[in-house]
Amino acid sequence: MPVSDSADGHVDDGDQAAADIDGPALPINELFTSLQGEGTLAGVPSVFVRTSGCNLRCWFCDSYHTSWEPTHAWLGLEEIIAEIESFDADHVVLTGGEPLLHEESVALLEALDDRGYHTTVETNGTIDRDAPIDLASISPKLESSTPTPARAPDGGGASANGSKNEGEWEQRHEANRIDLEALAALVEATDFQLKFVVTDESDMDEILELLADLRDAADVPVPDQNVLLMPEGATRERLAETRNRTADLALEYGFRYTPRLHVDLWNDAPET
Ligand SMILES: C[S@@+](CC[C@H](N)C(=O)[O-])C[C@H]1O[C@@H](n2cnc3c(N)ncnc32)[C@H](O)[C@@H]1O
Ligand SMILES: Nc1nc2[nH]cc(C(=O)O)c2c(=O)[nH]1
Ligand code: SF4
Ligand SMILES: [Mg+2]
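Thresholds, definitions, all that
Residues numbered from 1 in each chain as written. Chains lettered and ligands numbered in written order. Predicted model: local features only at pLDDT ≥ 70, side-chain atom pairs only at ≥ 80, totals over all residues. Heavy atoms only, no water. Near = heavy atom within 4 Å. Nonpolar A, V, L, I, M, F, W, Y, C, P; charged D, E, K, R; others polar. Polar contact = N/O pair within 3.5 Å; in protein donor to acceptor, adjacent residues only side chain to side chain. Areas by Shrake-Rupley, 256 points an atom, 1.4 Å probe, with all protein chains shown as cover. Helix = DSSP H or I, 4+ residues; strand = E, 2+ residues; numbered from the N terminus. UniProt positions renumbered as here; feature names shortened; annotations may be inferred. Buried < 20%, exposed > 50% of the residue type's maximum accessible area, 1.4 Å probe, protein only. Contact = heavy atoms within 4.5 Å. Arc of directions from axis to C-beta. pLDDT = per-residue confidence, 0-100. Patch = residues over 30% accessible without salt bridge, like charges linked within 9 Å, V, L, I, M, F, W, Y side chains within 5 Å. Salt bridge = Lys/Arg side-chain N within 4 Å of Asp/Glu carboxyl O. Lys, Arg positive; Asp, Glu negative; His and termini not counted. Charge placed at Lys NZ, Arg CZ, Asp CG, Glu CD. Axes fitted to C-alpha atoms, helices over the stretch in contact; angles between N-to-C directions. Parallel < 35°, antiparallel > 145°, perpendicular 65-115°, else oblique. Left-handed = near helix turned anticlockwise from the far one by under 90°. Pairing = 2+ DSSP bridges.

Participant: Any chance you could break down the site of ligand 3 for me, citing the residues and the numbers?
Facilitator: Residues in contact with ligand 3, as listed here, are C54, L56, R57, C58, C61, S67, G97, N124 and K141. Of the residues assigned to the shell around ligand 3, the class counts are four nonpolar, three polar and two charged.

Participant: Tell me about the site of ligand 2, and please be specific about residues and values.
Facilitator: Taken together, the neighbourhood of ligand 2 is formed by S34, L35, Q36, G37, E38, F48, R50, T95, E122, H262 and T272. One of the side-chain nitrogen or oxygen atoms of R50 is found 2.8 Å away from an oxygen atom of ligand 2. At a separation of 2.6 Å, an oxygen atom of ligand 2 approaches a polar side-chain atom of T95. In isolation ligand 2 has 330 Å² of accessible area, and contact with the protein removes 93% of it. Listing elements by their share of the shell around ligand 2, those giving two or more residues are β3 (25-35) and β4 (45-51). Looking at the shell around ligand 2, its residues break down into two nonpolar, six polar and three charged.

Participant: Any chance you could break down the UniProt feature "binding site: [4Fe-4S] cluster" (unreviewed entry) in the protein chain for me, citing the residues and the numbers?
Facilitator: Under the UniProt annotation, the feature "binding site: [4Fe-4S] cluster" (unreviewed entry) is placed at C54, C58 and C61. As for its placement among the helices and strands, C54 is situated in the loop between β4 and β5 (73-76). Assessed through its relative accessible area of 10%, C54 is described here as buried. If you trace the backbone, C58 turns up in the loop between β4 and β5. With a relative accessible area of 9%, C58 lands in the buried category. Among residues more than four places away in sequence, those in contact with C58 are W68, K141, S145 and H173.

Participant: Summarise helix α4 (residues 166-176); cite the residues concerned and give the values.
Facilitator: Note: α-helices contain 3.6 residues per turn, so residues at a spacing of three or four share the same orientation. Inspection of α4 places E166, W169 and H173 among the buried residues, and these make up the whole buried set. Angularly, the buried residues of α4 cover 45° about the axis, an arc narrow enough to put them on a single face. Structural note: α4 exposes G167, Q171 and A175 on the side pointing more than 90 degrees away from its buried face.

Participant: Break down the confidence of the model for the protein chain for me, citing the residues and quoting the values.
Facilitator: Close inspection of predicted coordinates is inappropriate in any region flagged by low pLDDT. Here the protein chain averages 92 in pLDDT, and 89% of its residues register 70 or above. Across residues 1-7 the pLDDT falls below 50, and counting only partners more than four positions away or on other chains, this stretch makes 23 contacts in the model. Within the model, the stretch residues 156-162 combines pLDDT values under 50 with nine contacts to residues more than four positions away or in other chains. Taken together, the chains of this predicted complex give a pTM of 0.94 and an interface ipTM of 0.99.

Participant: Tell me about a negative patch on the surface, residues and numbers included.
Facilitator: Residues E201, D205, E209, D213, D216, D248 and E252 make up a contiguous surface patch of negative charge. Those elements that place two or more of their residues in the negative patch are α6 (204-217) and α7 (236-253). Broken down by element, the residue count for the negative patch peaks at four residues, all from α6. Its place among the elements puts D216 in helix α6.

Participant: How would you summarise the packing of helix α5 (residues 180-189) against α6 if you had to cite specific residues and measurements?
Facilitator: Across the interface, α5 lies against α6 with an axial gap of 9 Å and an inter-helix angle of 65°. Between α5 and α6, the crossing angle belongs to the class labelled roughly perpendicular. The way α5 lies across α6 gives a crossing that is right-handed. Touching L180, L183, A184, V187 and E188 of α5 are L210, D213, L214 and A217, all from α6.

Participant: Describe the pattern of salt bridges, and please don't skip the residues or the numbers.
Facilitator: Tallied over the entire structure, the rule returns 14 salt bridges. In this structure, D62 engages R260 in a salt bridge whose closest nitrogen and oxygen atoms are separated by 2.8 Å. Pair noted here: D62 is in the loop between β4 and β5 and R260 is in the loop between β11 (256-257) and α8 (261-266), with a separation of 198 residues, a long-range link. A relative accessible area of 7% means that R260 is categorised as buried. The salt bridge partner of R215 is D224, with a shortest N-O separation of 2.8 Å. Residue classification places D224 among the partly exposed positions, given a relative accessible area of 32%. Members of the salt-bridge network, linked through shared partners, are E38, D62, E122, K195 and R260.

Participant: Can you tell me about the pairing of strand β8 (residues 135-138), naming the residues and giving the values?
Facilitator: Residues L135 and S137 of β8 are buried on one face, and the alternating residues A136 and I138, pointing to the opposite face, are buried as well. Sheet topology places strand β7 (residues 118-123) next to β8; four bridges connect them, and they run parallel. Residue pairing in the sheet places V121 in a bridge with A136 of β8.

Structural data, given as structure tokens:
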């Protein structure tokens, strides 16, 4: 179900909007079980709820159909919770797109908290909402994520006809990718990990600068053990190029390394 996106990155599919559903609803791109593939909880069986729509446009986004070409069905919260409960898991990962773009994500997180689930929220760190989150899995976006004429997304052939306005997004992405206030509020609110997508050594200066700024801005410690370097790669082939140099950088700088287990196991298959 292709939809258009508005200026703030919200998804809007006109006639088919949430109005048909009683109560709060979310645009859902996919809902599935898998092993958490990234971060400190890698390997934990989890239910993944992937909302559609993003306020950024990373050129490498492995969830193209939630960002560059947002696609979804609207589901009421009760329907989402029933789907989650149909799986035998106690960990839920709310991801996207950017899940905190949607105010309704707060009500979903509250309902999951009431039911005793452990919740991880995968977020780009530009939006802070007051919600019960057990682990904020924050992936601040570096300059190397910005789409440029030389680094265009390759999903869906959109870059070939320019229909996704990559040129416009270069400015918007660059202007919005870091919000220090939102980042500080997120790390102050709950347990967190900072998961940086690393392409090569040129990313490291920016990571160190951002950490210094965040440590100045936040009222809580931001220890190196909460900082994870994750190799850029949506496919096994790409990870084969990036994983060893990312692991070497983690060792050199004293940060942690996180694999992308799901890519190793299932490559770029949907619902994994
Ligand atoms: C699709 S994003 C959704 C959540 C949120 N928008 C964000 O970026 O954190 C989920 C995770 O995948 C990571 N990711 C996306 N594309 C990637 C790629 N090509 N290589 C490595 N990590 C990637 C993001 O950095 C984030 O940690
Ligand atoms: N298995 C698996 N683990 C993940 N951890 C974070 C993911 C995400 O897309 O946010 C993700 C994902 O898409 N699949
Ligand atoms: S912020 Fe996340 S969902 Fe948005 S484009 Fe970047 S990786 Fe994709
Ligand atoms: Mg993913």
